[in-house]
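# Coordinate inspection notes
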Amino acid sequence: MVLLCFLLPGCAPDSVSYDRPLVEPTEADVPDSQWKESIRRESKISRSEGLSSAADWPALFGSRRTSTTDAELNPIWPSDGPELIWEAQVGTGYGSPVTAMGRVVMNSRIDSVDDGDQECVQCRDVIDGKLIWQHCYPTTAVCDFNYSNGPYSTPIIDPEKRRVYTVGAQGQFICLDFDSGAVVWQRNLHEEYNVLADIFPVGASPILDHEVAREGGQLIFNLGAFDKDAGIISLAADGGETLWHATDHGAAYGTPFVTTIEGQRFVFVLTDLGLVSLDPDNGNVDWQFDFQRKGDLTRNATSPMVVGNHVILVGTGMGAVCLEIQ
């Protein structure tokens, strides 16, 4: 669908270049043992020395939020699928695993008769899957439809500050130490801002913005506290305090996108009402574009994609739109 967007008038770039030719495979799928060993070796070095790697994927859509990587990957698999290196028991949820410095972090819900219902954030060794730490907290989130009770959000790893940020199904915003899993700070945003539960648990993922003109960076999140003018909120990454809030929009289920176009910084957020363009340094709203969901049981659940000075939106029952930022 994204490729089709480039065919819209005014949205196609003059030229597109690729690092590698796009060709169909002409040989039988054969696992590349040399590539696998190089990835394992790089991961071991990253783990032992605490260094970032090109293969790291520290947030939803990757380090640049573009679903691309600089790692030298060989996607050729054997006929029976990729080799199983390790596996681990986890609970339910819709968040994605994220990786950095030889570790993988994931969140899930674990229902236990003895311990009650909990959401747990796990950190494991990316080489052998060994559990390094786990942080759990109680939850009572319930989805009345035939979906998981959460969590729906994807964690973020900050390799520079060695922090993990995670959002629970009931709006629990938690910052954990990357090395030990200890709580650095936490806030229950839905309780603080009196955000009513939606038909689905909290599904938005925050974005970590290190380019903001303050030490420590910020986390921008589509909270959805429309009656408190906090549809979109910014939290200090190091301490969790509120830096700014804006809009009377409800929440959607995507993640913001921070970028620079023609020397100006933007943060684009797709809310339940449409796309909002804000100044990420202070939360001032530049403009908004109506892109509302169709139907009572549907939600805006995609994230804006930025290519050059174009912003692409895709919605349930609404097709696709490409906006040019001038």
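From a predicted model like this one, the values you see are computed outputs, not experimental measurements. (Residues numbered from 1 in each chain as written. Predicted model: local features only at pLDDT ≥ 70, side-chain atom pairs only at ≥ 80, totals over all residues. Heavy atoms only, no water.)

### Thoughts on the overall build of the protein chain
- Summing up its helical and strand segments, the protein chain has 3 helices and 19 strands in all.
- Of the contacts made within the protein chain by residues no fewer than 6 positions apart, 52% connect residues no fewer than 24 positions apart.
- Carbon together with sulfur atoms contributes 51% to the accessible area of the protein chain, which is approximately 17200 Å² in total. (Helix = DSSP H or I, 4+ residues; strand = E, 2+ residues; numbered from the N terminus. Contact = heavy atoms within 4.5 Å. Areas by Shrake-Rupley, 256 points an atom, 1.4 Å probe, with all protein chains shown as cover.)

### What about the sheet that holds strand E10 (residues 218-221)?
- Taking strand neighbours across the sheet as the criterion, the 4 strands line up as E9-E10-E11-E12 in an open arrangement whose pairing is antiparallel. Either end of the sheet is taken by a strand with one partner, and the two such strands are strand E9 (207-209) and strand E12 (242-246). Put simply, the sheet's adjacent strands are angled 20 degrees from each other on average, direction ignored.
- Pairing of E9 with E10 involves 3 bridges; the strand directions are antiparallel. By the bridge assignment, Asp 209 is partnered in E10 with Gln 218. (Pairing = 2+ DSSP bridges. Axes fitted to C-alpha atoms, helices over the stretch in contact; angles between N-to-C directions.)

### Considering the nonpolar core
- With 21 residues, the main nonpolar core has Tyr 165, Phe 173, Tyr 193, Leu 219, Phe 221 and Leu 223 as its most contacted residues.
- Contributions of two or more residues to this core are made by strand E6 (163-167), strand E7 (172-177), E10 and strand E11 (232-236).
- Once residues lying within four places of it in the same chain are set aside, the contact partners of Leu 219 are Ile 156, Tyr 165, Phe 173, Trp 185, Ile 207, Leu 208, Ile 233, Ser 234, Leu 235 and Ala 237.
- Residues Phe 268, Met 318, Val 321 and Ile 325 belong to the second largest nonpolar core, which totals 14 residues. (Core = buried A, V, L, I, M, F, W, Y, C linked by side-chain atoms within 4.5 Å. Buried < 20%, exposed > 50% of the residue type's maximum accessible area, 1.4 Å probe, protein only.)

### Structural notes on the pairing of E11
- With 5 of its 5 residues buried, E11 lies for the most part within the structure.
- Of the two faces of E11, the one lined by Ile 232, Ser 234 and Ala 236 and the one lined by Ile 233 and Leu 235 are each fully buried.
- Here E10 runs beside E11; their pairing, made up of 4 bridges, is antiparallel. Among the inter-strand pairings, Ile 220 is bridged to a residue of E11, identified as Ser 234.
- In this structure, E11 lies alongside E12, joined through 4 bridges in antiparallel fashion. Counterpart to Leu 235 in the pairing with E12 is Thr 242.

### Here we look at the side chain of Ser 277
- Note that Ser 277 resides in strand E15 (residues 274-278).
- Leaving out residues up to four positions away in the same chain, Ser 277 has contacts with Phe 266, Val 267, Phe 268, Asn 284, Val 285, Asp 286 and Trp 287.

### Looking at the state of the cysteines
- Enumeration over the complete set of coordinates arrives at 1 disulfide.
- Between the sulfur of Cys 120 and that of Cys 136 lies a disulfide, 2.1 Å long from S to S. Its S-S torsion of approximately 110 degrees makes the covalent link between Cys 120 and Cys 136 right-handed. On the criterion of sequence distance, the pair formed by Cys 120 in strand E3 (residues 116-125) and Cys 136 in strand E4 (residues 131-138) is long-range, its members being 16 residues apart.
- On the basis of relative accessibility, which here comes to 2%, the residue Cys 120 falls in the buried class. (Disulfide = S-S within 2.5 Å.)

### Some details on the sheet that holds E4
- The 4 strands are arranged E1-E2-E3-E4 in an open sheet whose pairing can be described as antiparallel. Looking along the sheet, the strands with just one partner apiece sit at the ends: strand E1 (98-100) and E4. Here the average twist between neighbouring strands, direction ignored, is 25 degrees.
- In this sheet, E3 lies alongside strand E2 (residues 103-112) in antiparallel orientation, the contact comprising 10 bridges. What sits directly across from Asp 111, in E3, is Asp 117.

### Overview of the confidence of the model for the protein chain
- For the protein chain, per-residue confidence averages 86 on the pLDDT scale, and 84% of positions sit at 70 or higher.
- Counting interchain partners and residues more than four positions distant, the pLDDT-below-50 stretch residues 1-18 has 14 contacts. (pLDDT = per-residue confidence, 0-100.)

### Here we look at the environment of Val 104
- Secondary-structure assignment places Val 104 in strand E2.
- Apart from the residues lying within four places of it in its own chain, the contact partners of Val 104 are Trp 86, Pro 97, Val 98, Thr 99, Gln 122, Cys 123 and Arg 124.

### Describing the packing of aromatic side chains
- If you walk through the whole model with that rule in mind, you get 9 aromatic pairs.
- Plain terms: the ring middles of Tyr 165 and Trp 185 are 6.3 Å apart, the flat faces sit at 45 degrees to each other, and that makes the pair tilted. Of this pair, Tyr 165 sits in strand E6 while Trp 185 sits in strand E8 (residues 183-188); the two residues are 20 residues apart in sequence, bridging distant segments of the chain.
- Overall, Tyr 165 belongs to the buried group, its relative accessible area being 1%.
- The class of Trp 185 is buried, set by a relative accessible area of 7%.
- Between Phe 173 and Trp 185, the aromatic rings sit 5.9 Å apart at their centres with planes inclined by 15 degrees, giving stacked as the arrangement. Within this pair, whereas Phe 173 is found in strand E7, its partner Trp 185 is found in strand E8, the two being separated by 12 residues in sequence. (Phe/Tyr/Trp six-rings, centres within 6.5 Å; stacked < 30°, edge-to-face > 60°.)

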